[in-house]
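# Examining the three-dimensional arrangement
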Amino acid sequence: MKILEVRDLTVYFYTYAGVVRAVEGVSFDLYKGETLVIVGETGSGKTVTTRAITRLIQPPGRIVSGSVIYRRDGEEVDLLKLPEEELRKIRGSEIAYVFQDPSSALDPLYTVGYQVGETVAAHRGGKIKQYFRDAVELLRKVLIPEPESRAKSYPHQLSGGMKQRSVIAMAISNRPRILIADEPTTAVDVTVQAQILHLFKQLKDELGMSIIFITHNMGLVAEFADRVLVMYGGKIVEEAPTEELFEKPMHPYTKGLLRAVVNPIQPQERLEPVPGTIPNLINPPPGCRFHPRCPYVIKGKCEREEPPLVGTRHKVACWLYT
Ligand SMILES: Nc1ncnc2c1ncn2[C@@H]1O[C@H](COP(=O)(O)OP(=O)(O)OP(=O)(O)O)[C@@H](O)[C@H]1O
Ligand code: NI
C-alpha cells in the first residue's frame, strides 16, 4: 500500500549567482513498512527532496511545482497544498525527521530525558515532567543502556552514538508513520553506524513505519534497503528493488557508484570512483545531466535530449535502454 506519492517535485534556490535547479521533476512512491534508501553524491538533491515532502524549504529555496500525496486512514491529502497549521500537526509527529547532525538537534542546556519528554508533551499536551517515564521508555527502546540514569545526562555527557539514539528517541516519540533519516550516521563510527541501522530495522518492524533513509554508503544500502532511488544532479536516474539494483544496475552512474564501493553481494576486485565532478545546477548540462561523465554517451542524443525515467519495478533514465 502506498503511503506517499511524490509527483514532479521541483525545488529551485533563487540565489544571487542564479537559479539553482536543485530538484527537478522528481517522482517516486513510498510503501507502508518499507525502507526506501536514496543514494547519490553530494549535491544530488537528496536532502532537498526529503525536506520538500513536508515543505521544510527555506528561502531562497522554493517548491516550484509538484504534489506529495499522503495517504492515511482512507483519506489522502496533498502536503504541498495543506494549510501550514495542518501540516505542522503532521510534521514531526506522523512524518518525523532525524537530521544529519545530532548535536544541532539537542539543546546543550537540558537533559536528554527532558528533551525527549518535551517532544512527547508537544504531541500529547500537558507538562513535560509527567512524561519523564515515557522518555525513559523511549530511551530504552533505542537501546540506550541504563536509560533511567542516562535520561538525567546532558548532551555533552553522551557519546556521538548515544546522542544520535536520543535524537531517534525524539523522532519516534509519537510513533510516526514515516521516518525520514538524513544520513544519521556520518557523525559516528562504522560499528555504531551499523548498530543504528539495525535499530531502525527493529523499530520499523515494531512500529510498522516506513523509512526513507539517505546515505552515501552503498554497503549499508545492500543490507538495509528494500528499494533504492539513485539521484544525480537533482533527478532520479534509477529506481529498483535492492537486489535487482546490485545484480543488474542499469544506469552508467549507478554502475560507477557500485564499482566505487566494496559490493557485498558481488565483490569487485578493485575500487573505481565515478570519474568527473558533480554538475553545476545553475547551468546543468543539457540533455542527460550525466552525459559529460558518461563512458557510454551516445553522440547527438544524450547531450540534446533528456532521457525520461521509464520502467515498472526497475526504472532507469538513460538513452541506452530506450
Ligand atoms: N540554501 C541553499 N541555497 C542555494 N542552494 C542550495 C541551498 N540548499 C541546497 N542547495 C543546492 O541544492 C542542491 C541539492 O542539495 P542537497 O542538500 O539536497 O544535496 P544532497 O544530495 O543532500 O547532498 P549531501 O549528500 O551533501 O547532503 C545542491 O546543488 C545545493 O547546492
Ligand atoms: Ni544531504
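This report concerns the structure included in the present document. Residue indices follow the written sequence of each chain, beginning from 1 at its first position. Each chain is given a letter, starting from A, and each ligand a number, starting from 1, according to the order in which they appear as written. Totals for whole chains, interfaces and linings use every residue, but because this is a predicted model, local features are given only for residues with pLDDT of at least 70 and side-chain atom pairs only at 80 or more, for both listing and counting. Side-chain numbers here rest on the full set of heavy atoms in the structure, without hydrogens or water.

## A look at the overall build of the protein chain
Per the convention used, a helix needs a DSSP run of H or I reaching at least four residues, while a strand needs a run of E reaching at least two, with both numbered from the N terminus. The helix and strand inventory of the protein chain stands at 11 helices and 11 strands. Against the compact-globule benchmark of 20 Å for 322 residues, the protein chain has a radius of gyration of 20 Å, which places it among compact chains. If one aligns the C-alpha atoms of the protein chain with their principal axes, the spans along those axes are about 65 × 50 × 40 Å. Relative to its 322 residues, the protein chain shows a buried fraction of 53%. Note on contacts: a residue pair qualifies if any of its non-hydrogen atoms lie within 4.5 Å across the two residues. Intrachain contacts of the protein chain at a sequence separation of at least 6 include 63% that bridge at least 24 residues. In these tables, accessible area is a Shrake-Rupley quantity obtained with a 1.4 Å probe, and a residue counts as shielded only by the protein chains included in the view. Of the roughly 15,100 Å² that the protein chain leaves accessible, carbon and sulfur atoms contribute 52%. Each charge class in the protein chain was averaged separately, 41 positive and 38 negative side chains, and the resulting centres sit 2 Å apart. Each radius of gyration is computed over the set of C-alpha atoms, and the globule rule expresses the reference value as 2.2 Å times the number of residues to the power 0.38. Type-normalised accessible area, obtained with a 1.4 Å probe on protein chains alone, sets the label of each residue: buried when under 20%, exposed when over 50%, and partly exposed for intermediate values. Only four residue types enter the tally: Lys and Arg on the positive side, Asp and Glu on the negative side; His and the chain ends are excluded. Note on charges: their place is set at NZ of Lys, CZ of Arg, CG of Asp or CD of Glu.

## Thoughts on the pairing of strand 10 (residues 235–241)
Across the seven residues of strand 10, seven count as buried, placing the element largely inside the fold. Where strand 9 (residues 227–232) hands over to strand 10, the hairpin turn is made up of two residues, of which Gly 233 adopts a positive phi near 55 degrees. Here strand 10 pairs with strand 11 (residues 315–316) via two bridges, running antiparallel. Looking at the pairing, Glu 239 lines up with Lys 315 of strand 11. Here a strand pair is declared whenever DSSP counts at least two bridges between the two strands.

## Remarks on the site of ligand 1
In this text, near means that some heavy atom of the residue lies within 4 Å of the molecule or strand in question. Inspection of the region around ligand 1 gives 15 residues, with Thr 42, Gly 43, Lys 46, Thr 47 and His 216 positioned closest. At 2.4 Å from an oxygen atom of ligand 1 is found a side-chain nitrogen or oxygen belonging to Thr 42. Throughout this description, a polar contact denotes any pair of N or O atoms lying within 3.5 Å of each other; where both atoms belong to protein, one of them has to be capable of donating a hydrogen while the other can accept it, and for residues adjacent in sequence the pair is counted only when both atoms sit in side chains. Take Ser 44: an N or O atom from its main chain is 3.1 Å from an oxygen atom of ligand 1. The fraction of the free accessible surface of ligand 1 (640 Å²) that becomes covered by protein chains is 69%. Taken together, the elements giving at least two residues each to the shell around ligand 1 come down to strand 1 (2–15), strand 2 (18–31) and helix 1 (46–52). Among the elements that make up the shell around ligand 1, the one with the highest residue count is helix 1 (three residues). Along the lines of polarity and charge, the residues of the shell around ligand 1 split into five nonpolar, eight polar and two charged. Charged residues are taken to be Asp, Glu, Lys and Arg, nonpolar residues to be Ala, Val, Leu, Ile, Met, Phe, Trp, Tyr, Cys and Pro, and polar residues to be all remaining types, Gly included.

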